[in-house]
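Topology and contacts: notes
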Amino acid sequence: MEAAIDELLEDHTDAEIADILNQRGRTSGKGCSFHRLLVRDIRENYQLRNRHDRLRDRGLLTAPELAVLLDVSVPTIWKWHRAGLIEGEKYNDKNACLYPPPGPNPPRVQQGIHLDRRRPATTTSK
């Protein structure tokens with residue numbers, strides 16, 4: 001079971017992993033269905049790297065780090081993410097995100113232009 005959870009941690013949060021395992025018909029050692037806390041316990045018991053650390057290893061940034069690079073506030077990063085102007089990867093079940101480094105065309109402050117009227121910027125250098 002720990003191998004499946006380890007693989008799923010690359011792209012999913014604990015709650016998402018629990019849902020996937022339940023959809024696959026998997027049960028715990030006691031025959032119970034999975035929930036996020038059970039996945040967390042398995043992850044911790046087998047010392048699997050959490051999603052946050054995996055994303056950091058891929059070079060993703062925290063909101064404060066990205067805010068410094070783009071010379072904006074952290075709330076601006078959150079607003080831009082919610083508006084789809086920057087990408088983000090969820091690392092927990094509270095929708096906290098890490099962000100790819102800004103690419104050649106990051107968003108910028110545009111006074112007087114509503115966020116819903118702006119085009120998403122290319123934030124990754126793929």
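As a starting point, this report considers the structure included with it. In this text, all values refer to a predicted model and were calculated from it rather than measured experimentally. (Residues numbered from 1 in each chain as written. Predicted model: local features only at pLDDT ≥ 70, side-chain atom pairs only at ≥ 80, totals over all residues. Heavy atoms only, no water.)

When helices and strands are tallied, the chain shows 6 helices and 2 strands. Counted from the first residue to the last, the chain has its helices and strands arranged as α-α-α-α-α-α-β-β. Sorting the 126 residues of the chain into buried and exposed places 33% on the buried side. Of the contacts made within the chain by residues no fewer than 6 positions apart, 49% connect residues no fewer than 24 positions apart. (Helix = DSSP H or I, 4+ residues; strand = E, 2+ residues; numbered from the N terminus. Buried < 20%, exposed > 50% of the residue type's maximum accessible area, 1.4 Å probe, protein only. Contact = heavy atoms within 4.5 Å.)

Before going further, it helps to examine helix α3 (residues 36-45). Turning to α3, its buried residues number three or more, namely Val-39, Ile-42 and Arg-43. The buried residues of α3 occupy an angular sector of 100 degrees when the element is viewed end-on, so they sit on one face. Lining the buried residues of α3 we find α1 (2-8) and α2 (14-23). One or two steps after α3, the chain reaches Gln-47, where phi turns positive at roughly 55 degrees. (Arc of directions from axis to C-beta.)

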